Amino acid sequence: MEVNEIVINNLLSKFGQIKSRMLAVINQLSEEDINWRPNNESNSIANLVIHIEGNIHQRIEAGIRGLKDNRDRDGEFDVKKVLSKKEAIEKIEESFKILDTTIKKLSYDDLLKPQKVRQNNVTSLDVLMQCSTHFSEHLGQILYIGKMKLNNDYITTSIPRKN
């Protein structure tokens, strides 16, 4: 197996795990839970899903694929933004599909292609690794909100369930 294939498979696996766990939590929650905020300074799961969607648009579609960037980052955290459970699931599915499709098409040279992020020169691989870290942080917030709302009814997402 060549290095590029190993890197691509690793990225796809990591993002797949993040997506799977987000969906596993959201599927346990009500619409009210998805839009609930622990306090005024915290985000709801809906805001986090919208934020991840915006991040994928900016970093992957615009940054790696070179499409137009029209992200409204501040709007992603608007307290008035609400999502239905169906919308939250669709946004995750669509966003991670863009991510997967893009990753699968990357060559070794594409992974090393430079771009500017916050005045820093980074590679596309750097961007993908940072997205993985960033999304993992938000996954932690989503898991915590799920545990807060469900208490003892929460079903862990880290241990595969047997059917």
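Cut-offs and rules
Residues numbered from 1 in each chain as written. Predicted model: local features only at pLDDT ≥ 70, side-chain atom pairs only at ≥ 80, totals over all residues. Heavy atoms only, no water. Core = buried A, V, L, I, M, F, W, Y, C linked by side-chain atoms within 4.5 Å. Buried < 20%, exposed > 50% of the residue type's maximum accessible area, 1.4 Å probe, protein only. Helix = DSSP H or I, 4+ residues; strand = E, 2+ residues; numbered from the N terminus. Contact = heavy atoms within 4.5 Å. Phe/Tyr/Trp six-rings, centres within 6.5 Å; stacked < 30°, edge-to-face > 60°. Lys NZ or Arg CZ within 6 Å of the ring centre and 35° of its normal. Expected span 1.5 Å × (residues − 1). Bend = angle between axes of the 7 residues up to and from the residue. Salt bridge = Lys/Arg side-chain N within 4 Å of Asp/Glu carboxyl O. Axes fitted to C-alpha atoms, helices over the stretch in contact; angles between N-to-C directions. Parallel < 35°, antiparallel > 145°, perpendicular 65-115°, else oblique. Nonpolar A, V, L, I, M, F, W, Y, C, P; charged D, E, K, R; others polar. Arc of directions from axis to C-beta.

A. Layout of the nonpolar core. The biggest cluster of nonpolar side chains holds 40 residues, and the ones touching the most others in it are F15, F96, L99, L128 and F135. At the level of elements, α1 (3-26), α3 (45-64), α4 (85-105) and α6 (124-150) are the ones that each hand at least two residues to this core. When neighbours within four sequence positions are excluded, L128 is seen to be in contact with L11, F15, I60, I64, L99, I103, L106 and L111.

B. Structural view of the packing of aromatic side chains. If you walk through the whole model with that rule in mind, you get two aromatic pairs. Chaining the aromatic ring pairs together yields one cluster made of F15, F96 and F135. A cation over an aromatic ring shows up here: K149 above the ring of W36, its NZ or CZ 4.4 Å from the ring centre.

C. Seen up close, α3. Between its first and last C-alpha atoms α3 spans 26 Å; for 20 residues at 1.5 Å apiece the expected length is 28 Å, and the two agree. At H57, α3 shows its maximal bend, which comes to roughly 25°. For α3, the buried fraction is high: 17 of the 20 residues fall into the buried class. Backbone geometry just after α3 places G66 at a positive phi near 80°.

D. The arrangement of the environment of I92 in detail. Mapped onto the elements of the fold, I92 is located in helix α4. The exposure class assigned to I92 is buried, which follows from its relative accessible area of 3%. Along the backbone, I92 and V49 are 43 residues apart, and their C-alpha atoms lie at a distance of 6.8 Å.

E. Seen up close, the pattern of salt bridges. Within the structure shown, the criterion is met by five salt bridges. Note that E93 is salt-bridged to K19, the shortest N-O span being 3.0 Å. Here the residue E93 occupies a position in helix α4, and K19 occupies one in helix α1, the gap between them amounting to 74 residues. Relative accessible area serves as the criterion here: at 21%, K19 is assigned to the partly exposed category.

F. Spatial organisation of the packing of α3 against α6. Packing of α3 against α6 brings their axes to within 10 Å, and their N-to-C directions diverge by 175°. As far as their axial angle goes, α6 and α3 are roughly antiparallel. Between α3 and α6, the residues in contact are I45, L48, H51, I52, N55, I56, R59, I60 and I64 and S124, V127, L128, C131, H134, F135, H138, Q141, I142 and I145, respectively. When grouped by side-chain class, the residues that make up the contact of α3 with α6 number 12 nonpolar, six polar and one charged.

G. Here's a closer look at α4. Over its 21 residues, α4 extends 31 Å from the first C-alpha to the last, a length consistent with the 30 Å expected when each residue adds 1.5 Å. Regarding α4, the residues found buried are A88, I92, S95, F96, L99, T102 and I103. Around the axis of α4, the buried residues are gathered within 120° of arc, so they sit on the same side. The exposed residues of α4 that point more than 90 degrees off its buried face are K86, K97, K104 and K105.

H. Region of interest: the environment of R71. Mapping R71 onto the fold places it in the loop between α3 and α4. R71 sits in the buried class, given a relative accessible area of 18%. In this structure, the C-alpha to C-alpha distance between R71 and I103, residues 32 residues apart in sequence, is 21 Å. Those residues within four positions of R71 in sequence are excluded, and the remaining contacts are H51, G54, N55, H57, Q58 and E76.

Limitation: the analysis is restricted to geometry and does not speak to function.
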